[in-house]
Every structure is written in structure tokens, then in C-alpha cells.
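Analysis of the macromolecular model
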Amino acid sequence: MNLEKLKTQFDFAGRTVVITGGAGILGAEITRALLGCNASVYVIQRDAAKSTRELMELGVSGERLNILEADVLKPEMVERAVKQILAETNRIDCLVNAAGGNNPKATTNPATKFFDLPPDALKMVFDLNLLGTIIPSQIVAKHMAETKQGVILNVSSMAAERPLTRVVAYSSAKAAVNSFTQWLAVHMAQEYSPNIRVNAIAPGFFLTKQNRFLLMDEATGALTERGKKIIDHTPMARFGAPEDLLGAALWLLSPMSKFVTGIVVPVDGGFSANSGV
């Protein structure tokens, strides 16, 4: 590859990217980066009006940004959104499955033991993280199978690799996302086209709406005991910032990783490398 061609590898001009959960803290940063790389971005969110406000508050906007309303757990809504995207662009090049999160009711704490976690809260976390990744993949990958090309990027978590205390449902669901990522990578390459790639990024500890209550004291803003343990176990001695995800995400979505499929890339400040000794 010559240097001039190398410079164009992260230019997404003419490409259409669909991102679920693109208005969340981490998803919005990926959305911003893709817009900056000239992609046409379609954000699928359960509440389009709310997501539009949230993205505007984060300074994410542009004429190539489109926000469609669909619940990732309702195939008919996702199907309708994808049909609209294809009618407008005639192509979907990439899918980013960033929808996910935890539920405090599915988290153990001194007042709530594992034995008392309500099944509906556990199911909500499993459905959002696992089915919320599988359902959009089914619908978008069907189009990719027809065009014989495309990239799917899932958002996992380091909790999948090293299950974390308290978040039993979240850790288990993200482990399932890792397994699904590998399974789908092999399936699409063998059954439809080796030019369809499926990978995942696994963020370490980033402050989000879902985990802030576990890591920061709401009243003082100081680290909780759990937050201190995490920082002590992270060699880079800080939480991740949303922009820290962009190098891995853009690499996996771009032609620079055209021989990469079925992997989960940690973005964790060294957390997974540290034995604690």
C-alpha cells in the first residue's frame, strides 16, 4: 500500500454507518468521530427526540447525522428503520452495536443479596445487551449478505473477560456478546462472504450513566471504595475517556483491518494485563 492510499483509509466518505445506542456517552463519541471522518451516520434510538437533544448537548450534529426511532428489542421497528436507511442510501456499510447498559436492580449491594435479585431486572440486562446486539445484527447482516460486504462492530466490556463483583447479569450478558461476536464472524465469512467482518471492542472502566453510581459518591464526587480499587488495579491509573475508544473503533471499521475478524479488543488502560501482584 502506498502512502497516499494509506492516508485515505479512515475517510468514510460515501459510506453509511448505522449505530445503535449512538446517543449514549460512549456511542455519541463514536458517532462524532464517524461524522468527522465523513460518514453518513444513522443513529437508532428508542426515543429519537430525547436522543436528538442529548446529542446536541454533546455538540454532535451535522447534515450527515440522522436519528431514527426504534427499540433494538423490537425487530419490526429495527426492520422499518433499516428499510428507510436503504431507501435513502441504498447501502449499509457498517453497523455499530453500542446499545447496552446495566440496571441497578440487577446489581448486588449490601442491602440486596444475589438471592434476591428480581428475574425481570436480570432479564432486562440480558435482553438489552445480548438481544439488543443480535437483533440489529440479524437485520443489517441480511443486507450485507446480499451485497457480500460489510463490517459489524459490537461493544462488549472487560466485565466479560473478568467477571466483576456485583454486576452478575451485565458481566454474563457481555460474555455472551463476545461469544456471539466470534460465532457471527465465522458464520458470515463462511456462509456468505469473507468480506463481511465482525469484531468487538471491550471498554474497561469508563464513567457512564449506568456505572457512575458504583464508582463515584453522588454527594461528594469522590471515588467510592469500588472506584478506588479499580484505579489501583488499572496501570494507567485513571478511568477511560470516551475518545479513548476511537482508535480501536475506527481501525476495526476501516479497511485497515480488512484481514481482522472475530476478535475482541480491550481498551482498558492495562486492567486486563494486571494480576495485582
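What comes next is a walk through the structure. Because the structure is a prediction, the values reported are computed rather than measured. (Residues numbered from 1 in each chain as written. Predicted model: local features only at pLDDT ≥ 70, side-chain atom pairs only at ≥ 80, totals over all residues. Heavy atoms only, no water.)

Concerning the overall build of the protein chain
The cut-off we apply is this: Here a strand is any run of E in DSSP of at least two residues, a helix any run of H or I of at least four, and the numbering for each starts at the N terminus. For the radius of gyration, the atom set is restricted to C-alpha positions; the globular benchmark scales as 2.2 Å times the number of residues to the power 0.38. Think of it in three bands: residues with accessible area under 20% of the maximum for their type are buried, residues over 50% are exposed, and the middle band is partly exposed, with areas taken using a 1.4 Å probe on protein chains only.
The secondary structure content of the protein chain amounts to 10 helices and 7 strands. By the compact-globule yardstick of 19 Å for 277 residues, the protein chain fits well, its C-alpha radius of gyration being 19 Å. With respect to the principal axes defined by its C-alpha atoms, the protein chain has extents near 50 × 45 × 40 Å. Within the protein chain, buried positions represent 51% of all 277 residues.

So, the packing of helix 2 (residues 25–36) against helix 10 (residues 246–253)
Inclusion rule: Axis definition: a line fitted to C-alpha atoms, over the contacting stretch in the case of helices. Angles run 0 to 180 degrees between N-to-C directions. By definition in this entry, angles of less than 35 degrees are roughly parallel, angles greater than 145 are roughly antiparallel, angles of 65 to 115 are roughly perpendicular, and the rest are oblique. Each helix crossing is assigned a hand: it is left-handed if the near helix lies turned anticlockwise from the far helix by less than a right angle, otherwise right-handed if that turn is clockwise. We call two residues contacting when some pair of their heavy atoms lies within 4.5 Å. Note on residue classes: Ala, Val, Leu, Ile, Met, Phe, Trp, Tyr, Cys and Pro are nonpolar, Asp, Glu, Lys and Arg are charged, and everything else, Gly too, is polar.
Packing of helix 2 against helix 10 brings their axes to within 10 Å, and their N-to-C directions diverge by 55 degrees. Classified by the angle their axes make, helix 2 and helix 10 are oblique. Handedness of the crossing formed by helix 2 with helix 10: right-handed. Each of Glu 29, Ile 30, Ala 33 and Leu 34 in helix 2 lies in contact with helix 10, whose residues at this interface are Leu 246, Leu 250 and Leu 253. The residue inventory of the contact of helix 2 with helix 10, partitioned by class, reads 6 nonpolar, no polar and 1 charged.

A few points about the packing of aromatic side chains
Applied cut-off: Ring pairs are drawn from Phe, Tyr and Trp, using the six-membered ring of Trp, whenever the two centres fall within 6.5 Å, and their geometry is named by plane angle: stacked under 30 degrees, edge-to-face over 60, tilted for the rest.
Following the criterion strictly, the structure yields 2 aromatic pairs and no others. On the basis of an interplanar angle of 65 degrees and a centroid distance of 5.8 Å, the ring pair of Phe 114 and Phe 115 is categorised as edge-to-face. Note on accessibility: Phe 114 and Phe 115 belong to one class, exposed. Judged by centre distance (5.0 Å) and plane angle (70 degrees), the rings of Phe 205 and Phe 271 are edge-to-face. Taken together, the residues Phe 205 in the loop between strand 6 (196–203) and helix 8 (212–215) and Phe 271 in the segment after strand 7 (264–267) connect sequence positions 66 residues apart. By the burial criterion, Phe 205 is buried, and Phe 271 matches it.

Details of the nonpolar core
Inclusion rule: Nonpolar core, defined: a set of buried Ala, Val, Leu, Ile, Met, Phe, Trp, Tyr and Cys residues in which side-chain atoms within 4.5 Å join the residues together.
Residues Leu 34, Ile 201 and Leu 253 are the most contacted members of the largest nonpolar core, which totals 35 residues. Broken down by secondary-structure element, the contributors of at least two residues to this core are strand 1 (16–20), helix 2, strand 2 (40–45), strand 4 (94–97), strand 5 (150–155), helix 10 and strand 7. Among residues more than four places away in sequence, those in contact with Leu 34 are Phe 12, Val 17, Ala 39, Val 41, Leu 250 and Leu 253. Judged by nonpolar contacts, the second largest core, of 28 residues, contains Ala 70, Ile 92, Ile 134 and Phe 180.

Quick notes on the environment of Leu 86
Within the fold, Leu 86 resides in helix 4 (residues 75–89). In this structure, the C-alpha to C-alpha distance between Leu 86 and His 143, residues 57 residues apart in sequence, is 9.1 Å. Residues contacting Leu 86, with those up to four places away along its chain left out, are Arg 91, Ile 92 and His 143.

Remarks on the sheet that holds strand 5
Pairing between the strands of a sheet comes from backbone hydrogen bonds, and it takes one of two forms, parallel or antiparallel. Put simply, the test is: Any two strands are treated as partners once DSSP identifies two or more bridges connecting them.
Strand order in the open sheet made by the 7 strands is 3-2-1-4-5-6-7, with parallel pairing throughout. Edge strands, defined here as strands with exactly one partner in the open sheet, are strand 3 (65–69) and strand 7. Sheet twist, expressed as the mean angle between neighbouring strand axes with direction ignored, is 20 degrees. In terms of strand pairing, strand 1 meets strand 4 through 4 bridges, oriented parallel. Along strand 4, the bridge assignment pairs Thr 20 with Asn 97. Those strands touched by helix 5 (residues 119–147) are strand 1, strand 4, strand 5 and strand 6, and its axis lies near 175 degrees from that of strand 4. Each of strand 5, strand 6 and strand 7 touches helix 7 (residues 168–191); the most contacted strand, strand 6, lies at about 165 degrees to it.

Purely geometric numbers; function is a separate question.
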